[in-house]
Amino acid sequence: MFDFSTSHFLIPDLLLLIFPFIVIGSRLFCNAQSKMPWRIANFGFIAIFILLNFIPLASGEGRFFISNWRIDDFGVLMREVLLVSAILGMWFAKDYFEHGADGKPQMHQIAEFIGAIAFATFGGVTVVSACDMLTFFLGLEIATIPMYALTAWNKKDQLGSEAATKYILMGSVATAFELFGFSYLYGFAGSLHFSEIQTAVASGTSPLLWVAVLFLFCGIGFKLTLFPFYTWAPDVYEGAPTPVTAVLSVTSKATAIAFLVVLVFGPLAPIQEQIAPLIALLAGTTLFVGNLGALKQSRLRRFMAYSSIAQAGYIMVALLGPAATAKTAIIYYLFVYAVSNYLAFFVFGIIGHHREETFASLRGLSKQNPSLAISLAISMFSLAGIPPLAGFFGKFHLFYSGASTGHYMLVAFAVLNNVLALFYYIQLIKSAWVDEPDGHLTPLRLTRRQRAVIVALSIAVVALGFLPFLSNNIVAGFSF
Amino acid sequence: MTNLPLWLIPLFPLLGTILLGTIAVVSSGSKKGAAENIVGGLAVIFPAMSFACVTVLACGMPESGIRETLCNWIDFPLLHVDIGFLFDGLSRIMLLFVTGIGTLIALYSIGYMHGDRGFARFFAYINLFLFSMIVLVLSDNLLLTFFGWEGVGLCSYLLIGFWNKDLKNCKAANKAFIVNRVGDIGFLLGMLCLLSIGGAAVLNYDIFNQFMQMILNGGHLDLVFTLLTLTGVLFFVGCTGKSAQIPLLTWLPDAMAGPTPVSALIHAATMVTSGVYLVARMGKMFCMLPEVLLLIAFVGMFTALWAAITGLFQNDIKKVLAYSTISQLGYMFMAAGVCAFDASIFHVFTHAFFKAALFLGAGAVIHSLAGEQDMRKMGGLLKKTPVTACVMIFAFFAIVGFPGFAGFWSKDLILEKLVSNGPVIAMPFALGGSVNVPVGMILYVVGLATAVITAVYMGRLIIMTFFGEYRGSKESEAHIHEAPAVMLIPMVVLTFGSIFAGYLWADMIGITFFKDSLAAALGGAEAVGESILSVHHVNPVLFAVLGTLAALLGMFIAWRVYANKKIPTPKDSGAPEGSAAAWTFVWDYIHVGFVFPVRVIAWICDVVVDKFLQAFQWTLGAIGEILGDGASTFQVRRVRLQLALSITGVALIVLVALFAEGIVGIPDFVFKLIDSVKSLLGRVI
């Protein structure tokens, strides 16, 4: 393929930074009904995604730019996850700008909406590229602040405003915790730069460091919806417009987990073993509570909120492993999780356009629209981790990573918890396949985009399980 | 031109599968189905392109073969498998006839399947089959071969049950699949055994060969001999499943329930020979294991004889051919059993031509008689369908080993090898002393007898079908017609193959082209085997004469017995009988003996164990629900409370860390906490 030398690796990042301005700016030059911003957004996101795929992997330490921007394998793959999430989120959101859904009015200003998603994505990119605490913190904030706005996008929807208010309040507390943690970390190490912090941590610990670590974990615990900081999530997930919920559950979660990965395998790497009990504790309680909470839900988005809380717990398990294994497992799982989750949301979205978003609306789906019911079943089984779907291999790698450093108890606990998870995922499939519909069903209509995306995602969920490309970057890795 | 990538070969049929599958799915709703011209064209063009690739590659292949790794497939610390391809002398021959005959049969099927509702679906399956078969043959490691192995099994299942409106067909498909699975277990366990001997890397064929050479050179054979023998037996069990040898032969006659081109392609020419291919591919291992070789040779011998005798009593034209296939596969395994891997592959090669021609001819007969398969209702078709009759008669000469035809060269070669390579084994008597048993001679005599029987039952088929008077009803006689050109062309091409394919290795007139082309791939194994088996050279002309005499004798017997005999009017239906194939009943009953205990265990599991488990599950489930209620009530809607809760959480974690003297101490602290709670409870109670 064409030559993509080291200094060009920065191009996708720069494009992603400029891109939202172009999308929003394009609105100035065309009228409200114009499709221009939408087309530019599509083209831009996909172009950046394709460009990313040309960056060859297996580059060791990564490449540094202006001392605080690093592009390594993990970063590149995380960028791909974030972009996939952004693209799918954008496609998913498009319908909500054409008509209302789930009892909420139609949304407006798609260009700004996409811009906000792009900013959040850029925030995630900043987190995975950061080499010092300042950039790191900025990235997290850039990733979070657009989310507040996105949650309240539907100005006429009171629940949305309530959710956004709640989200801002909880988010500010989280930020406060993080800043507190960062300041102690700075106090401990005397430097902002990760490599210097790492040297300082390696040379000995002090209570200052432990306080910093605790607060950092608690702070990110809010964003990652860990127990006991998850309480905002069900309300926000339910109050936000459905596409925002989808983006929240993937982009925001991916950013938060990337934050932890960078932290644990970067500056805190020397004490990874010592903080393992904390990670294990948070992971275990989170996945347990998330699974329990999901058991009795009847609203689809609330259900997905608890499901994603539990998924966060599962991902945390992988953090216990050695760096390479853990990073691979997490990246792979995030890919799989993004695809499965969006597939579920697409199906829910189509239902939500015509009915309420509850379990009861799914009844009779298998008779009314079998292919939709099959897609739903595929996504649910994948989230539950049933072989041969991608979710199974994803969970396998997560657990393998956790088990490779000897945390068998936690892994066994997580596996047992999966039984609980399977129970509620199958409940959903049961409503779609077994339960008889009560009375008249409003017909479901699928646009061509929805149909194409659902088919593509279903195939992806099945194929990601055994396609071997993840050891290589998609385009750069193949030797044709 | 030789820099064509190898992955192009499987890519074309795969594309064909996807394309035709899409067409089949999309057109399933419409009344008329997809246009047959387009579908048929697509169905032929993909295998043809694949064949073209193989041909180009075959011409420019270096002696040592071409190796190519496409990408990584499985990457664990314990198991690293690449998707890689190996194109050497052995896979070249296999690929040439798999793709070549596959193309011809796809072409033939356009005529045969004309007007069928599942036209596109059929060709999607055929392309999928070719893809799997190519992967099986082209792969450079056992695991990928297994992938293809399973793939062809699946396609076989799909195609046997192609007309799934009829329950009999479905049962036959099920039987084929299940019996094959029994063999697959052998394959899988064999791979595990191999892994335990040599580690995961041995799954790659190149490393496998080096490893076996290392064992042999280093004299380490004693160390691994038992395990290696077990491996060999297990792999051979896998081969008996796929290649329909005793005891897993019952599925092949039933498999004739599928459309005839399928029988020709899968159940005669290609898939069923994959067992022979695997034995040849792993020849480096088998040649060191005399006991396993003996087992292979004798299983092959008994299968050949048994199937030939059974073939005498069949009335369904396709079943005769099915048993004949089993019998010929028996010959191939006999050859493999005396380390003559090249001879067995040569027979695979020639057999592919004449058996495909026979099946396609039978298909043309069935087509012209509007679906009639019972030979008792045929007869006198020579005048009505002359081209088909000529094809069948030429292929008949090939299979009985008439001098000059393909079967003559390959079958006589096998018989010759049986004598020259056959081991002599000292058999101890119960009372003491021992006698030398010339195993080679036994194999040869039985092989020769089988050749006579082959000529008899094949003669019977030809006589009952093409000579004498037509025995069907009058109104059906009027409709008899020659097959369309699209069916005749592949038949004629295959007929040329079944006449001339044998001249690639005609020892007597000094042509050893075939042997030389395989020498790089198989020569090593054979050299080892021959050194163990103590080969003595024999005069090939003698065997040729004896083989010819056997064929002539068989044809004479067939002529005397069947030409003037009054054929009884059929009482039973000649249609495929689903799960109960006539004359294999012994093996079917033996299978039932294995199935019955499994059913008993299944019943116990269903009735007893299940109830206990269910009770246990309900209890657990109830606990889970109660806990779930608890977790839901924990969720409050007020921000104040939520924040308070979270901050309490932080405080708790900090406190725990404080009390436990750092995060490291948390587990200890938790245990201590539990202990103190326990003691507290103990005091209270």
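A quick note: this is a predicted structure, and the numbers were derived from the prediction, not measured.

K.L.:
Which parts of the structure should I look at to understand the overall build of chain B?
P.N.:
Within chain B, the secondary structure is distributed over 26 helices and 4 strands. Taking the principal axes of the C-alpha coordinates as reference, chain B spans close to 105 × 70 × 60 Å. For chain B, the proportion of its 685 residues judged to be buried stands at 55%. Taking the intrachain contacts of chain B between residues at least 6 apart in sequence as the baseline, contacts between residues at least 24 apart amount to 81%. By element, 72% of the accessible surface of chain B is carried by carbon and sulfur atoms, the whole surface being about 28500 Å². For chain B, the separation between the mean place of its 39 positive charges and that of its 39 negative charges on side chains is 10 Å.

K.L.:
Please clarify how the overall build of chain A should be interpreted in this entry.
P.N.:
From N to C terminus, chain A includes 19 helices and 2 strands. Taken over C-alpha atoms, the radius of gyration comes to 21 Å for chain A, in line with the 23 Å a tight globule of 480 residues would show. Overall, the C-alpha framework of chain A stretches about 70 × 55 × 50 Å when taken along its three principal axes. Split into buried and exposed, the 480 residues of chain A put 63% on the buried side. Accessible surface, chain A as shown: approximately 16800 Å² in total, 68% of it carbon and sulfur. Distance from the positive charge centre (27 side chains) to the negative charge centre (24 side chains) of chain A: 9 Å.

K.L.:
Would you mind showing me how to read the pairing of strand β2 (residues 80-87) of chain B here?
P.N.:
Working note: regular strand, side chains alternate between the two faces of the sheet. Residue and element names in this part refer to chain B. Burial runs high along β2: 6 of the 8 residues are buried. Inspection of the sheet shows strand β1 (residues 66-75) paired to β2 by 8 bridges, in the antiparallel sense. Across the sheet, residue Ile74 finds its bridge partner in β2, namely Val81. Taking the residues between adjacent antiparallel strands as the criterion, β1 and β2 are bridged by 4 residues.

K.L.:
Please clarify how the interface of chain B and chain A should be interpreted in this entry.
P.N.:
Interface extent is often summarised as the accessible area lost during association of the parts. With 33 residues of chain B at the interface, the matching set in chain A holds 45 residues. Both faces considered, chain B and chain A share a buried interface measuring about 3300 Å² in area, 72% of it formed by carbon and sulfur atoms. Taken together, the links from chain B to chain A amount to 2 salt bridges. Glu625 of chain B is the salt-bridge partner of Lys296 of chain A, the closest N and O atoms lying 4.0 Å from each other. The tally of links between chain B and chain A comes to 4 residue pairs in polar contact (both at pLDDT 80 or more). Secondary-structure elements contributing two or more residues to the side of chain B that touches chain A are β1, α24 (585-634), α25 (639-659) and α26 (666-684) of chain B. The residue makeup of the side of chain B that touches chain A, split by class, is 22 nonpolar, 8 polar and 3 charged.

K.L.:
Help me understand the domain arrangement of chain B, please; the structure alone is not making it clear to me.
P.N.:
Residue and element names in this part refer to chain B. Parsing chain B into structural domains produces domain 1 (160-574), domain 2 (586-634) and domain 3 (635-685). On a C-alpha basis, the centroid separation for the pair domain 1 and domain 2 is 45 Å. Each partner contributes residues to the interface: domain 1 has 7 residues there, and domain 2 has 4 residues. Taken over both partners, the interface formed by domain 1 and domain 2 buries close to 490 Å², and the fraction arising from carbon and sulfur atoms is 70%. The largest per-residue losses of area from domain 1 upon contact with domain 2 belong to Pro247, Thr250 and Trp306, which jointly make up 62% of the total buried on that side. There are 0 salt bridges connecting domain 1 and domain 2. The interface formed by domain 1 and domain 2 contains 1 residue pair in polar contact (both at pLDDT 80 or more). Taken together, the residues of the side of domain 1 that touches domain 2 sort by class into 5 nonpolar, 1 polar and 1 charged.

K.L.:
Which parts of the structure should I look at to understand the nonpolar core?
P.N.:
The nonpolar side chains of soluble globular proteins are, as a tendency, buried together. Counting 217 residues, the largest nonpolar core has Ile9, Phe87, Leu142, Phe235, Met285 and Phe286 of chain B as the members making the most contacts within it. The next biggest cluster of nonpolar side chains, apart from the first, holds 190 residues, and it includes Phe92, Ala233, Ile350 and Tyr425 of chain A.

K.L.:
Please clarify how empty space enclosed by the protein should be interpreted in this entry.
P.N.:
Gaps left between atoms show up when a probe the size of a water molecule is rolled over them. Tallied over the entire structure, the rule returns 6 cavities of 30 Å³ or more. Every residue lining the largest cavity is listed: Phe408, Trp409, Asp412, Leu413, Glu416, Trp505, Ala506, Asp507, Met508, Pro540, Phe543 and Ala544 of chain B. It is helix α18 (residues 406-421) of chain B that provides the largest number of residues to the lining of the largest cavity, a total of 5 residues. Within the lining of the largest cavity, the residues separate by chemical class into 9 nonpolar, no polar and 3 charged. In this structure, the second largest cavity spans a volume of roughly 70 Å³. Tyr96, Ala101, Asp102, Lys104, Pro105, Met107, Asn154, Pro241, Thr242 and Arg301 of chain A together form the lining of the second largest cavity. Considering only residue class, the lining of the second largest cavity consists of 5 nonpolar, 2 polar and 3 charged.

K.L.:
Honestly, the side chain of Ser252 of chain A in this entry has me stumped. Any pointers?
P.N.:
All names here are of chain A. The residue Ser252 is located in helix α10 (residues 242-265) in this model. We classify Ser252 as buried; its relative accessible area is 13%. Excluding residues that lie within four positions of it along the chain, Ser252 makes contacts with Met147, Tyr167, Lys223 and Val247.

K.L.:
Please clarify how the confidence of the model for chain B should be interpreted in this entry.
P.N.:
Close inspection of predicted coordinates is inappropriate in any region flagged by low pLDDT. Residue and element names in this part refer to chain B. The predicted model of chain B averages 85 in pLDDT, with 94% of residues at 70 or higher. Ranking the helices and strands of chain B by mean pLDDT puts helix α4 (residues 119-138) first, with 93, and α26 last, with 73. In the predicted structure, residues 574-581 sits below a pLDDT of 50 and forms 24 contacts with residues beyond four places in sequence or in another chain. Model confidence for the complex: the whole-complex pTM is 0.70, and ipTM, which rates the interface, is 0.71.

K.L.:
Which parts of the structure should I look at to understand the packing of α4 of chain B against helix α11 (residues 274-281) of chain B?
P.N.:
For any two helices packed against each other, the geometry comes down to the angle between their axes and how far apart the axes lie. All names here are of chain B. The interhelical angle for the contact between α4 and α11, taken along N-to-C directions, is 15°, at an axis separation of 11 Å. Considering the angle they form, α4 stands roughly parallel to α11. The hand of the α4/α11 crossing is left-handed. Side by side, α4 and α11 meet where Met133, Leu136 and Val137 of the first sit next to Ser274, Tyr277 and Arg281 of the second. Grouping the constituent residues of the contact of α4 with α11 by class yields 4 nonpolar, 1 polar and 1 charged.

K.L.:
I would appreciate a short explanation of the confidence of the model for chain A in the present structure.
P.N.:
Scored by pLDDT, chain A has a mean of 87; 95% of the residues are at 70 or more. Of the regions scoring below 50 in pLDDT, residues 471-480 of chain A engages in 24 contacts with residues more than four places distant in sequence or in other chains.

K.L.:
Is there a simple way to explain the state of the cysteines in this structure?
P.N.:
A covalent bond between the sulfur atoms of two cysteines is what we call a disulfide. Enumeration over the complete set of coordinates arrives at 0 disulfides over all chains. Unpaired in terms of disulfides, Cys53 of chain B finds its nearest cysteine sulfur in Cys59 of chain B, a separation of 12 Å.

K.L.:
Mind showing me how you'd approach the pattern of salt bridges here?
P.N.:
Charged atoms that come close allow side chains of opposite charge to pair. Residues and elements named next belong to chain B. In this structure the tally under the stated criterion is 25 salt bridges over all chains. Measuring nitrogen to oxygen at the nearest pair gives 2.9 Å for the salt bridge that ties Lys175 to Asp254. With Lys175 in helix α6 (residues 167-198) and Asp254 in helix α9 (residues 251-254), the pair connects residues that are 79 residues apart, well separated along the chain. We classify Lys175 as buried; its relative accessible area is 11%.

K.L.:
Teacher, can you tell me more about the packing of aromatic side chains here?
P.N.:
Within a pair of aromatic rings, the relevant descriptors are the distance that separates the centres and the angle that separates the planes. Under the counting rule described, the total for this entry stands at 62 aromatic pairs over all chains. When the centroid spacing of 5.2 Å and the interplanar angle of 90° are considered together, the rings of Tyr444 of chain B and Phe543 of chain B count as edge-to-face. One end of the pair, Tyr444 of chain B, is in helix α19 (residues 439-466); the other, Phe543 of chain B, is in helix α23 (residues 540-562), and 99 residues separate them in sequence. Like Phe543 of chain B, Tyr444 of chain B is buried. An aromatic cluster of three or more residues is present, and its members are Phe177, Phe180, Tyr184, Phe215, Phe222 and Phe229 of chain A. In this structure, Lys94 of chain A is placed above the aromatic ring of Trp38 of chain A, and the distance from its NZ or CZ to the ring centre is 5.0 Å. Across the ring face of Tyr205 of chain B, the terminal group of Arg281 of chain B is positioned such that the distance to the ring centre comes to 5.2 Å.

K.L.:
Where do I start with the environment of Pro259 of chain B in this structure?
P.N.:
Residues and elements named next belong to chain B. Relative to the helices and strands, Pro259 resides in the loop between α9 and α10 (260-269). Put simply, Pro259 and Ala356 are 97 residues apart on the chain and 13 Å apart in space, counted from C-alpha to C-alpha. Excluding residues that lie within four positions of it along the chain, Pro259 makes contacts with Tyr112, Met113, Phe122, Leu159, Phe162, Trp163 and Lys318.

K.L.:
How should helix α1 (residues 8-27) of chain B be read in this particular structure?
P.N.:
Structural remark: α-helix, 3.6 residues per turn; residues separated by three or four positions point the same way. Residues and elements named next belong to chain B. Given a rise of 1.5 Å per residue, 20 residues ought to cover 28 Å, and the 28 Å separating the end C-alpha atoms of α1 matches this to within 8%. Taken as a whole, α1 has its buried residues at Leu8, Ile9, Pro10, Phe12, Pro13, Gly16, Thr17, Leu20, Ala24 and Ser27. Here the buried face of α1 lies against α2 (36-59), β2, α3 (89-112) and α4.

What counts, and where the lines are drawn
- Residues numbered from 1 in each chain as written.
- Chains lettered and ligands numbered in written order.
- Predicted model: local features only at pLDDT ≥ 70, side-chain atom pairs only at ≥ 80, totals over all residues.
- Heavy atoms only, no water.
- Helix = DSSP H or I, 4+ residues; strand = E, 2+ residues; numbered from the N terminus.
- Buried < 20%, exposed > 50% of the residue type's maximum accessible area, 1.4 Å probe, protein only.
- Contact = heavy atoms within 4.5 Å.
- Areas by Shrake-Rupley, 256 points an atom, 1.4 Å probe, with all protein chains shown as cover.
- Lys, Arg positive; Asp, Glu negative; His and termini not counted.
- Charge placed at Lys NZ, Arg CZ, Asp CG, Glu CD.
- Rg over C-alpha atoms; globule rule 2.2 N^0.38 Å.
- Pairing = 2+ DSSP bridges.
- Buried area = accessible area lost by both parts, 1.4 Å probe.
- Salt bridge = Lys/Arg side-chain N within 4 Å of Asp/Glu carboxyl O.
- Polar contact = N/O pair within 3.5 Å; in protein donor to acceptor, adjacent residues only side chain to side chain.
- Nonpolar A, V, L, I, M, F, W, Y, C, P; charged D, E, K, R; others polar.
- Domains from an automatic or database assignment.
- Core = buried A, V, L, I, M, F, W, Y, C linked by side-chain atoms within 4.5 Å.
- 1 Å grid on protein atoms, 1.4 Å probe; cavity = no way out; pocket = protein on both sides within 12 Å on 5 of 7 lines; lining within 4 Å.
- Points joined across faces, edges and corners; volume = space filled by probe spheres on them.
- pLDDT = per-residue confidence, 0-100.
- Axes fitted to C-alpha atoms, helices over the stretch in contact; angles between N-to-C directions.
- Parallel < 35°, antiparallel > 145°, perpendicular 65-115°, else oblique.
- Left-handed = near helix turned anticlockwise from the far one by under 90°.
- Disulfide = S-S within 2.5 Å.
- Phe/Tyr/Trp six-rings, centres within 6.5 Å; stacked < 30°, edge-to-face > 60°.
- Lys NZ or Arg CZ within 6 Å of the ring centre and 35° of its normal.
- Expected span 1.5 Å × (residues − 1).

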